[in-house]
Amino acid sequence: MACAEMLDSLIQTVTDLAAMGLSPATGGNFSVRVDEDAFCITASGCDKRALTRADFIRVPVSGALPATTLAPSAETALHQRLYRLDARIGCVLHTHSVPATVISRGCEGDCIAFTGYEMQKAIRGQTTHETPLTLPLFDNTQDIPALADALARRWEPHGLPYGLLVRGHGLYAWGASVAEARRHVEGWEFLLSCLLNERLLESRR
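Reading the values: the criteria
Residues numbered from 1 in each chain as written. Predicted model: local features only at pLDDT ≥ 70, side-chain atom pairs only at ≥ 80, totals over all residues. Heavy atoms only, no water. Buried < 20%, exposed > 50% of the residue type's maximum accessible area, 1.4 Å probe, protein only. Helix = DSSP H or I, 4+ residues; strand = E, 2+ residues; numbered from the N terminus. Contact = heavy atoms within 4.5 Å. Pairing = 2+ DSSP bridges. Axes fitted to C-alpha atoms, helices over the stretch in contact; angles between N-to-C directions. Phe/Tyr/Trp six-rings, centres within 6.5 Å; stacked < 30°, edge-to-face > 60°. Lys NZ or Arg CZ within 6 Å of the ring centre and 35° of its normal. Polar contact = N/O pair within 3.5 Å; in protein donor to acceptor, adjacent residues only side chain to side chain. Salt bridge = Lys/Arg side-chain N within 4 Å of Asp/Glu carboxyl O.

J.: Hey, could you run me through helix α2 (residues 76-85) in this one?
T.: Two residues of an α-helix separated by three or four positions point the same way, owing to the 3.6 residues in each turn. Of all 10 residues that make up α2, 7 are buried, and the element is covered over most of its length. Those residues of α2 that sit buried are Thr-76, Leu-78, His-79, Gln-80, Arg-81, Leu-82 and Tyr-83. The inward-facing, buried residues of α2 abut β1 (29-35), β2 (38-42), β3 (56-60), β4 (91-95), α4 (144-155) and β8 (170-175).

J.: Would you explain the environment of Ser-62 in this entry?
T.: Structurally, the position occupied by Ser-62 is in the loop between β3 and α2. Excluding residues within four positions of it along the chain, Ser-62 makes contact with Gln-80 and Arg-84.

J.: What's the story with the sheet that holds strand β5 (residues 111-114) in this structure? I'm lost.
T.: Ordered in space as β3-β2-β1-β4-β8-β7-β6-β5, the 8 strands form an open sheet in which the pairing is mixed. In this open sheet, the two edge strands, each paired with only one partner strand, are β3 and β5. Pairwise comparison of adjacent strand axes, ignoring direction, gives a mean angle of 20° for this sheet. The strands that helix α1 (residues 3-19) touches are β1, β2, β3 and β4; relative to β1, the one it contacts most, it runs at about 165°. Along the sheet, helix α3 (residues 98-106) makes contact with β5, β6 (133-138), β7 (163-166) and β8, crossing β7 at roughly 70°.

J.: How do you make sense of the packing of aromatic side chains when you look at a structure like this?
T.: To describe a pair of aromatic rings, one takes the distance between the centres and the angle between the planes. According to the stated counting rule, one finds 4 aromatic pairs in the structure shown. With a centroid separation of 6.1 Å and 70° between ring planes, the pair formed by Phe-114 and Tyr-117 is classed as edge-to-face. The pair formed by Phe-114 and Tyr-117 is uniform in burial state, with each residue classed as buried. Here Phe-114 and Trp-188 contribute two aromatic rings whose centre-to-centre distance is 6.2 Å and whose plane-to-plane angle is 50°, an arrangement assigned as tilted. Pair noted here: Phe-114 is in strand β5 and Trp-188 is in helix α5 (residues 178-203), with a separation of 74 residues, a long-range link. For Phe-114, a relative accessible area of 1% translates into the label buried. By relative accessible area, which is 0% here, Trp-188 ends up buried. Counting every residue linked through ring pairs, the aromatic cluster contains Phe-114, Tyr-117 and Trp-188. It is Arg-154 that lies over the ring of Phe-138; its NZ or CZ is 4.5 Å from the centre.

J.: It is not clear to me how the side chain of Arg-33 should be interpreted in this structure. Could you clarify?
T.: Turning to its location among the elements, Arg-33 is positioned in strand β1. There is a polar contact of 3.3 Å between the side chain of Arg-33 and the backbone oxygen of Asp-86. Polar contacts involving the side chain of Arg-33 include one to the main-chain carbonyl oxygen of Ile-89, which spans 2.8 Å. For Arg-33, the contacting residues outside a window of four places in its chain are Met-6, Ala-38, Phe-39, Val-61, Tyr-83, Asp-86, Ala-87, Ile-89 and Gly-90.

J.: Can you walk me through the pattern of salt bridges in this structure?
T.: Any two side chains of opposite charge can pair, so long as their charged atoms come close to each other. This model, assessed by the stated rule, comprises 11 salt bridges. Close ionic contact of Asp-139 with Arg-167 constitutes a salt bridge, the shortest N to O distance being 2.2 Å. Note that Asp-139 is positioned in the loop between β6 and α4 and Arg-167 in the loop between β7 and β8, a separation of 28 residues in sequence. Asp-139 gets classed as exposed once you look at its relative accessible area, which sits at 53%. Residues participating in the shared-partner salt-bridge network are Asp-16, Arg-182 and Glu-186.

J.: Explain unusual backbone geometry here, please?
T.: What you tend to see is this: most non-glycine residues have negative phi, and most peptide bonds are trans. Within the chain, Ala-25 stands out as a residue other than glycine whose phi angle is a positive 55°. Within the secondary structure, Ala-25 sits in the loop between α1 and β1. Positive phi, close to 60°, is recorded for Tyr-162, a residue that is not glycine. Topologically, Tyr-162 is positioned in the loop between α4 and β7. Taking the relative accessible area as the measure of exposure, Tyr-162 reaches 21% and is therefore partly exposed.

Structural data, given as structure tokens:
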């Protein structure tokens, strides 16, 4: 797929996710790999409901950020690290939903476990709702290189299950293509929404 087509596919996906309330107030950042050595990522502060190709910055998978009139996302280094950790990753999506934010603040430990949900099968490799699925959880920090290092330490030797949650911040999900990354975002967000609603129901009993 040509670079322009990949950007257009990502733009449509981000527009749809924003319409679902997953990227309010210009929040979130989204990228797509355009070749072996580079990816394009949304610039900081752009309205995710009205993206154009001009809202993206081309960034090397390794190396310094390019000089540009657009402000790069503060979390560009995390996208870079993901693309370096796995050459098969073709797209990274970072959303800011209410369920992801609230659940992450209320959970202790370094992961959230899901079992018994049919939607677990939205995540690649999950073939049954009976197999537990865990979403890695990281503490929030403004030191994005440090967060990227923490991600790399937990990546070995088997990678992570196509997503991670940053406490009080939001969800990162990825895939080999824009379509697969979108499926993973929607699957994780559904599971987090179910968990939040279950806890609300329990609190009212």
